[in-house]
Amino acid sequence: MTPTAGKPTQKNAGDPIIELRDVNKWYGDFHALRDVNLTVGRGEKVVVCGPSGSGKSTMIRCINRLEVHQEGRIFVDGMEMVPDVRKIEAIRRQIGMVFQSFNLFPHLTVIDNLTLGPVLVQEIPQDAAEAQAMEMLERVKIPEQAKKYPGQLSGGQQQRVAIARALMLKPKVMLFDEPTSALDPEMIAEVLDVMIELADEGMTMIVVTHEMGFARKVADLIVFMDDGEIVEAASPGPFFANPENDRTKLFLSQIL
Amino acid sequence: MLTLLAMWALFVTIPDFISWAFINAVWQTDDSKDCQVAAGACWAVITEKHRVMLFGTFPYDEHWRGVLAIAIIIILAVISGFKRFWSYRLFLVWLVATALVFLLLLGGVFGLKPIGTYQWGGLPLTLLLFVGTVVGGMPLAVLLALGRRSSLPAIKALCIGFIEIIRGVPLITVLFMASLMFPLFMPEGVTINKLLRAEIGMIMFFAAYAAEIVRGGLQAISLGQYEAAEAIGLSYWQKTNRIILPQALRIVLPALMSDVIRAFKNTTFVSIIGLFDVLGATATALEDLLWVRYALEAYIFIFILYFVFCFSMSKYSAHLERDLSEGRNL
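Cut-off values and rules
- Each chain has its residues counted from 1, following the order in which its sequence is written.
- Naming scheme: in the order in which they are written, chains are lettered from A and ligands are numbered from 1.
- Under the rules for a predicted model, residues below a pLDDT of 70 receive no local features and side-chain atom pairs below 80 are neither given nor counted, while totals for whole chains, interfaces and linings still include all residues.
- Remark: hydrogens and water are excluded; side-chain values derive from all non-hydrogen atoms of the structure.
- Buried Ala, Val, Leu, Ile, Met, Phe, Trp, Tyr and Cys residues that are joined via side-chain atoms within 4.5 Å together make up what is termed a nonpolar core.
- For every residue, the accessible area (1.4 Å probe, protein chains only) is compared with the maximum for its type, and the residue is labelled buried under 20%, exposed over 50%, or partly exposed between those bounds.
- Secondary structure elements are taken from DSSP: a helix is a run of H or I of four residues or more, a strand is a run of E of two residues or more, and numbering for both begins at the N terminus.
- Only heavy atoms matter for contacts: two residues are in contact if any of them lie within 4.5 Å across the pair.
- For helices, the fitted line uses only the C-alpha atoms of the stretch in contact; every axis is such a line through C-alpha atoms, and the angle between N-to-C directions lies from 0 to 180 degrees.
- Small angles under 35 degrees read as roughly parallel and large ones over 145 as roughly antiparallel, with 65 to 115 read as roughly perpendicular and the rest as oblique.
- Should the near helix be turned anticlockwise from the far one by less than a right angle, the crossing is left-handed, and should it be turned clockwise, the crossing is right-handed.
- Side-chain classes are defined by residue name, with Ala, Val, Leu, Ile, Met, Phe, Trp, Tyr, Cys and Pro counting as nonpolar, Asp, Glu, Lys and Arg as charged, and the others, Gly among them, as polar.
- Stacked, tilted and edge-to-face pairs are distinguished by plane angle, under 30 degrees for stacked and over 60 for edge-to-face with tilted covering the rest, among Phe, Tyr and Trp rings (Trp via its six-membered ring) whose centres lie within 6.5 Å.
- Here, a charge over a ring means that NZ of Lys or CZ of Arg falls within 6 Å of the ring centre while also lying within 35 degrees of the ring normal.
- In what follows, salt bridge is the name for a side-chain nitrogen of Lys or Arg lying within 4 Å of a carboxyl oxygen of Asp or Glu.
- A patch is a set of surface residues, each over 30% in relative accessible area and not in a salt bridge, joined within 9 Å for like charges and within 5 Å for the nonpolar side chains Val, Leu, Ile, Met, Phe, Trp and Tyr.
- All accessibility values rest on the Shrake-Rupley procedure with a 1.4 Å probe; residue burial counts only the protein chains present in the view.
- By buried area we mean how much accessible surface two parts lose on assembly, using a 1.4 Å probe and totalling the loss over both.
- Whenever a nitrogen or oxygen atom comes within 3.5 Å of another N or O atom, the pair is scored as a polar contact, on the condition that within protein one atom can donate a hydrogen and the other can accept it, and that pairs from neighbouring residues in sequence are kept only if both atoms are in side chains.
- Any two strands with at least two DSSP-identified bridges between them are counted as paired.
- For crossovers, right-handed means that the path from the first strand over the helix to the second runs clockwise, given strands pointing away from the viewer.

**Examining the nonpolar core**
So, step 1. Of all hydrophobic cores here, the largest spans 130 residues; its most connected members are L20, M59, I63, I206 and V223 of chain A together with L218 of chain B.
So, step 2. If one sorts the elements of this core by residue count, helix α6 (residues 122–148) of chain B sits on top with 14 residues.
So, step 3. Filtering out sequence-adjacent residues up to four positions away, L20 of chain A remains in contact with V36, N37, L38, M59, I63, R73 and I74 of chain A.
So, step 4. Judged by nonpolar contacts, the second largest core, of 50 residues, contains V98, I142, V161 and F240 of chain A.

Here it is in C-alpha cells:
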C-alpha cells in the first residue's frame, strides 16, 4: 500500500461509490494485486495506466467480479462484493463495462444487443427498450446501424455500440478496459469523443488506457500501477509535471 | 487402368441389371406364380405387401392414422429446414407434434379406436422412434454438455460418467439393457411399455454422442461472450439461453445433423428387441411363403426408402454448412 493511493479522492466532493480496501489477488503463485486501495467518488473520472501485466485490468475486473479477489474488501455503491450470486448480479447492474475486444453478441443485431439487458434483467417491455436503445445509439452517433449485425460494423462503430449497450442499464459507474487498444488509429478518436462526452455528462468512470491525451483532458485522478500495486495516484497536473516515483517517471518517459 | 477396369465392370453389370430390374420385371400381379415364370425382378411383391411393410401389424382399417402421422412429421421436418423458423418455440412445436403423433397412433381419444403399441409397426413407428429420439435427446444432450462444463463437481462427475458409459457400449447393449434388465430393477407390478423403454434407450444413446458435439460448440465460444453477458447482469440461464447456446449450436449444427442421420438409421436396431420398424415389418411381410423368394426386391425398396430420407438430410446438412460458414454473423 502506498500513502498516496487514497489521498486525491478526498478533495472531491462526491461521496465514495467504489472502494477497494487492501485487495489482494493471486493467480497460482503470481501475485496479481498487492494491497490495492482505491476510492472513487461519485462523478469522478479515474484513469488507470501502467505497463502490461501490472494488474490494471485485473483490478477493474475485480470491481464487477469478472475476476475474484482473494483478500480485502470491495464496495460498490454501499454494497459489498461477496460470493453470493444475487449480490453479484445486483452489483453488476450498477456497473457498465466496455471491453478491449468489444464482445458484442455476433448473432444479434445492434439494437438487439442493446435491448437484451434491459428486457431480460430489468424486464422493460421490448418497445420501450427499443426506443431507449435508439436514444443511446443517437448518443454514440450511429443510429443508422441499428438493424445491422456487429460483424458488418467497423471496430470504432462496434466499440461505440458496446458503450451504448453498457449504458442501457443506466449504470452508476462505467468501467473501460483498454477500450481503444484493439482499434485502428483512425478510429480511436471517435470512441474517445464519445467517452469524453460521457465524462462531461458527469458519469463516474474508471478507464484503463494508454491514451494520455484523454487522461490529461478528462481524469480527476490518474492511477499508475506496476507489478500489481498502485505506485502513484495523482491529479493529471502533478502526475505529468512531477511524478514522485521513479517507476512512474520511467513509464511516462516511455510512452510520452 | 483402374478406370478402365471400373468401366468394364459397369459395362458388364449395368445391362444385366437393367434387363432384370426394368425390361423383364413383373410390375403388377396378384399371383406370385407370374413372377416365377418371368426372368426379371418381381416388383409386384411391393404392391402386394406394401401395407404390411409400411405399417406392420397396425390394424388395416386404421392405416390412415399411420399415413397422417408420417405426413405430420415430414411436413414439420420440411418447415424446420427454413432458418427463419428457428427458435426455441420450434422445439416446443416438435414436442407437441410428437405427442400428437403418439396419441394419433395410440387412439383412445377423440373417438379413435385404441391400438396397443405392440401392434404398431412400419414407417410410422420408425419415424416416431426417430423423432422421439431427437426431440428427447437434444435437450438432454445440451444439459449434459453444460453439466460437463459445470463448476459443481457432483454435476460434472454425473455428466461425465453418463456420457462415457453410454459412449463406451454399443447401442444394442443399451437397447437390451432397456428391454430386459430395466424391468428387473422395477418394483413388482410396475411395467413400462417396451416401446417406451426402447425409446429411452435410444434417447440416452443419442444424447451421449450429441452432448460431446455440443460441448465442442460451447468450447468454441470466446470467454469475452460469457463476460459481456455477465457484465450486463444476465443470470446463468439467461446467458446460456440467449448468448451462448444460440452461437454454439449454430457452429455445431452440421455435425449434429450427422448424428441425427445416424439416429434415423439406428431405429432399425429396435427390430432386434421385437419392435417392428419398417425393416422389421418387411421381414415379417416376407414370411409369406408365396412371396419369400422376392425378398431382394422388397429390400431394394426399403433401401431406396432409407436412402431418400438419409440422403435428403445429408444434402440439407451440406447446404446448411455452406450457408452458415458464409454468413457467420447472420
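**Things to note about unusual backbone geometry**
For residues besides glycine, phi is generally negative; the peptide bonds are generally trans as well.
Residue and element names in this part refer to chain A.
So, step 1. Not every positive phi belongs to a glycine, and R65 is a case in point at roughly 60°.
So, step 2. Among the structural elements, R65 can be located in the loop between α1 (56–63) and β4 (71–76).
So, step 3. The backbone phi angle of D77 is positive, close to 50°, even though this residue is not glycine.
So, step 4. Along the chain, D77 falls in the loop between β4 and β5 (79–80).

**Here we look at the packing of α6 of chain B against helix α11 (residues 236–266) of chain B**
Residue and element names in this part refer to chain B.
So, step 1. Axis separation between α6 and α11 bottoms out at 10 Å; the angle between their running directions is 140°. With respect to their mutual orientation, α6 and α11 come out oblique. Crossing handedness for the pair α6 and α11: right-handed. Facing T126, L127, F130, T133, V134, M138, V142, L143 and L146 of α6, the residues of α11 in contact are Y236, W237, T240, L245, L249, L256, V260, A263 and F264.
So, step 2. Of the residues assigned to the contact of α6 with α11, the class counts are 15 nonpolar, three polar and no charged.

**Here we look at the packing of helix α8 (residues 171–185) of chain B against helix α9 (residues 194–220) of chain B**
All names here are of chain B.
So, step 1. Direction vectors running N to C along α8 and α9 enclose 140°, while the axes themselves pass 9 Å from each other. Classed by the angle they form, the pair α8 and α9 counts as oblique. Classified by chirality, the crossing of α9 by α8 is right-handed. Here L171, V174, L175, A178, S179, F182 and P183 of α8 lie close against α9, whose contacting residues are R197, A198, G201, M202, M204 and F205.
So, step 2. Of the residues belonging to the contact of α8 with α9, the class tally is ten nonpolar, two polar and one charged.

**Focus on the packing of aromatic side chains**
Residue and element names in this part refer to chain B.
So, step 1. Under the counting rule described, the total for this entry stands at eleven aromatic pairs over all chains.
So, step 2. Here the aromatic rings of F102 and W120 are separated by 5.4 Å at their centres, their planes lie at 65°, and the arrangement is edge-to-face. Here F102 is found in helix α5 (residues 88–106), whereas its partner W120 is found in the loop between α5 and α6, with 18 residues between them in sequence.
So, step 3. Its guanidinium or amino end placed over the ring of Y209, R167 lies 5.6 Å from that ring's centre, counting from NZ or CZ.

**Comments concerning the pattern of salt bridges**
Residues and elements named next belong to chain A.
So, step 1. Overall, the coordinates contain 21 salt bridges over all chains when judged by the stated rule.
So, step 2. Measuring nitrogen to oxygen at the nearest pair gives 3.3 Å for the salt bridge that ties R21 to E19.
So, step 3. The exposure class assigned to E19 is partly exposed, which follows from its relative accessible area of 22%.
So, step 4. Salt bridges here are not isolated pairs; linked through shared partners, they connect D15, R42, D77 and K172.

**Digging into a nonpolar patch on the surface**
All names here are of chain B.
So, step 1. Taken together, the side chains of F176, M177, L180, M181, F182, L184, F185 and I272 present a nonpolar region at the surface, about 820 Å² in accessible area.
So, step 2. Looking at the element boundaries, F182 is found in helix α8.
So, step 3. Relative accessible area serves as the criterion here: at 33%, F182 is assigned to the partly exposed category.

**Regarding the interface of chain B and chain A**
So, step 1. Counting residues at the interface gives 19 residues for chain B, matched by 24 residues for chain A.
So, step 2. At the boundary of chain B with chain A, total buried surface from both sides reaches about 1,900 Å², with 61% on carbon and sulfur atoms.
So, step 3. Along the contact surface separating chain B from chain A lie two salt bridges.
So, step 4. For E230 of chain B, the salt bridge goes to R92 of chain A, with nearest N and O atoms at 3.6 Å.
So, step 5. Run the count over chain B and chain A and you get six residue pairs in polar contact (both at pLDDT 80 or more).
So, step 6. Contributing elements (two or more residues each) for the side of chain B that touches chain A: α10 (223–231) and α11 of chain B.
So, step 7. Looking at the side of chain B that touches chain A, its residues break down into nine nonpolar, seven polar and three charged.

**Considering the pairing of strand β7 (residues 173–177) of chain A**
All names here are of chain A.
So, step 1. A large share of β7 lies buried, amounting to five of its five residues.
So, step 2. Of the two faces of β7, the one lined by V173, L175 and D177 and the one lined by M174 and F176 are each fully buried.
So, step 3. The pairing of β7 with strand β8 (residues 204–208) spans five bridges and is classified as parallel. Within the sheet, the bridge partner assigned to L175 lies in β8 and is I206.
So, step 4. Regarding topology, helix α6 (residues 185–200) serves as the crossover connection from β7 to the parallel β8, and that connection is right-handed.

**Notes on the sheet that holds β5 of chain A**
Residues and elements named next belong to chain A.
So, step 1. Reading across from one edge, β2-β1-β4-β5 is the order of the four strands in this open sheet, with antiparallel pairing throughout. In the strand order of this sheet, the two ends are held by β2 (30–41) and β5, each with one partner.
So, step 2. The pairing of β4 with β5 spans two bridges and is antiparallel. Counted as the bridge partner of F75 is E80 from β5.

**Let's talk about α10 of chain B**
So, step 1. The buried count for α10 of chain B comes to eight of nine residues, which makes it a mostly enclosed element.
So, step 2. Buried residues belonging to α10 of chain B abut α1, α2 (85–92), β6 (95–98) and α5 (155–167) of chain A together with α9 and α11 of chain B.
So, step 3. Note on α10 of chain B: the residue one or two positions beyond its end, G233 of chain B, has a positive phi of about 85°.

**Focus on the sheet that holds β7 of chain A**
Residue and element names in this part refer to chain A.
So, step 1. Strand order in this open sheet of six strands is β6-β7-β8-β3-β9-β10, and the pairing throughout is mixed. Looking at strand neighbours, the two that pair on one side only are β6 and β10 (229–234), the edges of this open sheet. Across the sheet, the mean angle separating the axes of adjacent strands is 15° when strand polarity is ignored.
So, step 2. As judged from the four bridges shared by strand β3 (residues 45–49) and strand β9 (residues 221–226), these two strands associate in the parallel manner. Paired with V46 across the two strands is L221, which belongs to β9.

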